[in-house]
Every structure is written in structure tokens, then in C-alpha cells.
Amino acid sequence: MIKVAPMHDLGKVAVDDVILRKPGKFTDEEYNMMKSHSAEGARMIRKVLAEVDDAAMMEAAVNVAHFHHERWDGKGYPEGISGETIPMEARIMALADVFDALVSKRCYKEAFGFDRAFNIIEEGLGTQFDPVLGKLFLECRPELEKLYIEME
């Protein structure tokens, strides 16, 4: 995970910066373009890592990029898969990615406080997130808060 997690949004290089930096809501067309980053990232990783002699790392990198926006309840993208059919590494990445987006300032929002971010994650257990992995994630709150405070 340490090696492949940074590749999860690689496909965003194929999305126009105007969309990536848009401060307001996306149009349907813009949202569809943004959603394409996960499948595009998986395609790019397959190509870039084709010569790598570590099949497990390649699979994990592809899975993280392709499936990190899938939801436990099947309402995610790009495939609409659910539950344990979502690769484990993508379920882990989903928690980390959403948490980071919540507690970080973005062009379209201010950073949320830790209480609000952890409440949002907790409310999403069993719908957006794997409930078992999500509970483990919540148990890491002290370490996560410390890490984010040290990064400031």
C-alpha cells in the first residue's frame, strides 16, 4: 500500500485542469470527465508498470487506481461493484482518500475539523465504506490526527 497508494489518482493527468480546479459544482459532463480518472489511471499504471517484475504490486496499483471510488453499497464508480468484490486495497484507499479530502483545504472548500471528518467516515460505514475496515480506520484516529498536525 505504501508503494501504490500515491498512484491512486494518476489518471487525473488526463482530466483538464479547468475541471480539476473548478471551485463550484460540476456539470454532468464535467463529472463524467472527472470520473474517468479512475479507469484511465488503471490503464496508465498497466502500461507504465508492464515491465515491473512484481505482479502483486502491479495488481494492487491497478486496483487502487481503478476502484478507489467504488462504494460498499455499489453506488460508486467506475464499475458499480459492491462489498467484498471491491479489492481490499481499494477499500483501504477509499477511506484514506476521503479522509484526506475532508481534512485538507481544496479550491472548492475549506478543511473540515477532525471531529466532522471522523463523523462523516463513521456515518458512511456500511454504505460508502467497508464497515470492518472503517472501524479499524476510526481506531487509528489519534495517529491520524498526530500525522496531520505534524504535516501543517
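Preceding this section is the structure that the text describes.
Just so it is clear, the model here is predicted, and its values are computed rather than measured. (Residues numbered from 1 in each chain as written. Predicted model: local features only at pLDDT ≥ 70, side-chain atom pairs only at ≥ 80, totals over all residues. Heavy atoms only, no water.)

Caption draft 1: Main features of the packing of aromatic side chains. Counted by the stated rule, this structure contains five aromatic pairs. Centroid distance F99 to F137: 5.5 Å. Interplanar angle 70 degrees. Geometry classified as edge-to-face. Note that F99 is positioned in helix 4 (residues 88-103) and F137 in helix 6 (residues 131-139), a separation of 38 residues in sequence. According to the relative accessible area criterion, F99 is buried, its value standing at 1%. By relative accessible area, F137 is classed as buried at 13%. Plain terms: the ring middles of F118 and F137 are 6.3 Å apart, the flat faces sit at 40 degrees to each other, and that makes the pair tilted. (Phe/Tyr/Trp six-rings, centres within 6.5 Å; stacked < 30°, edge-to-face > 60°. Helix = DSSP H or I, 4+ residues; strand = E, 2+ residues; numbered from the N terminus. Buried < 20%, exposed > 50% of the residue type's maximum accessible area, 1.4 Å probe, protein only.)

Caption draft 2: Local environment of the environment of V48. Its location among the elements puts V48 in helix 2 (residues 28-48). Placed 40 residues apart in sequence, V48 and M88 show a C-alpha to C-alpha distance of 22 Å.

Caption draft 3: Structural view of the pattern of salt bridges. Taken as a whole and assessed by the stated rule, the structure comprises 10 salt bridges. For D130, the salt bridge goes to R91, with nearest N and O atoms at 2.5 Å. On the criterion of sequence distance, the pair formed by D130 in the loop between helix 5 (114-123) and helix 6 and R91 in helix 4 is long-range, its members being 39 residues apart. D130 sits in the buried class, given a relative accessible area of 7%. Looking at R91, the relative accessible area reads 10%, which means it is buried. Among the ionic pairs, R141 bridges to E145, the shortest N-O distance being 2.3 Å. Placement of both R141 and E145 in helix 7 (residues 141-151) is noted, with a separation of four residues, approximately one turn of the helix. Through salt bridges with shared partners, one network takes in D115, R141 and E145. (Salt bridge = Lys/Arg side-chain N within 4 Å of Asp/Glu carboxyl O.)

Caption draft 4: Helix 3 (residues 55-67), seen in detail. With 13 residues, helix 3 ought to run about 18 Å at 1.5 Å a step, and its terminal C-alpha atoms sit 18 Å apart, in line with that. Across the 13 residues that make up helix 3, a large majority, 10, are buried. For helix 3, the set of buried residues is M57, M58, A60, A61, V62, N63, V64, A65, H66 and F67. Along its buried surface, helix 3 packs onto helix 2 and helix 4. (Expected span 1.5 Å × (residues − 1). Contact = heavy atoms within 4.5 Å.)

Caption draft 5: Region of interest: the packing of helix 4 against helix 5. Orientation of helix 4 relative to helix 5, taken along the N-to-C sense of each, is 150 degrees, at an axis distance of 9 Å. When the axes of helix 4 and helix 5 are compared, the crossing they make is right-handed. Taken together, the residues of helix 5 that come into contact with helix 4 (itself represented by L95, V98, F99, L102 and V103) are F114, A117, F118, I120 and I121. (Axes fitted to C-alpha atoms, helices over the stretch in contact; angles between N-to-C directions. Left-handed = near helix turned anticlockwise from the far one by under 90°.)

Caption draft 6: Structural detail: empty space enclosed by the protein. Counted under the stated rule, the structure contains one cavity of 30 Å³ or more. Considering only enclosed or pocket space, the largest cavity measures out at about 60 Å³ in volume. At four residues, helix 4 tops the list of elements feeding residues into the lining of the largest cavity. For the lining of the largest cavity, the residue count by class is seven nonpolar, one polar and four charged. (1 Å grid on protein atoms, 1.4 Å probe; cavity = no way out; pocket = protein on both sides within 12 Å on 5 of 7 lines; lining within 4 Å. Points joined across faces, edges and corners; volume = space filled by probe spheres on them. Nonpolar A, V, L, I, M, F, W, Y, C, P; charged D, E, K, R; others polar.)

Caption draft 7: Broad picture of the layout of surface pockets. There is about 1100 Å³ of room inside the largest pocket. Lining the largest pocket are 32 residues, with F26, H69, Y77, A101 and Y108 positioned closest to its centre. Of all the secondary-structure elements, those providing two or more residues to the lining of the largest pocket are helix 1 (17-20), helix 2 and helix 4. When residues in the lining of the largest pocket are grouped by element, the largest group, five residues, is from helix 4. For the lining of the largest pocket, the class distribution of residues is 14 nonpolar, six polar and 12 charged. Its volume calculated, the second largest pocket comes out at about 280 Å³. The wall of the second largest pocket is formed by M1, I2, A5, P6, H8, I92, M93, L95, A96, L133, L136 and F137.

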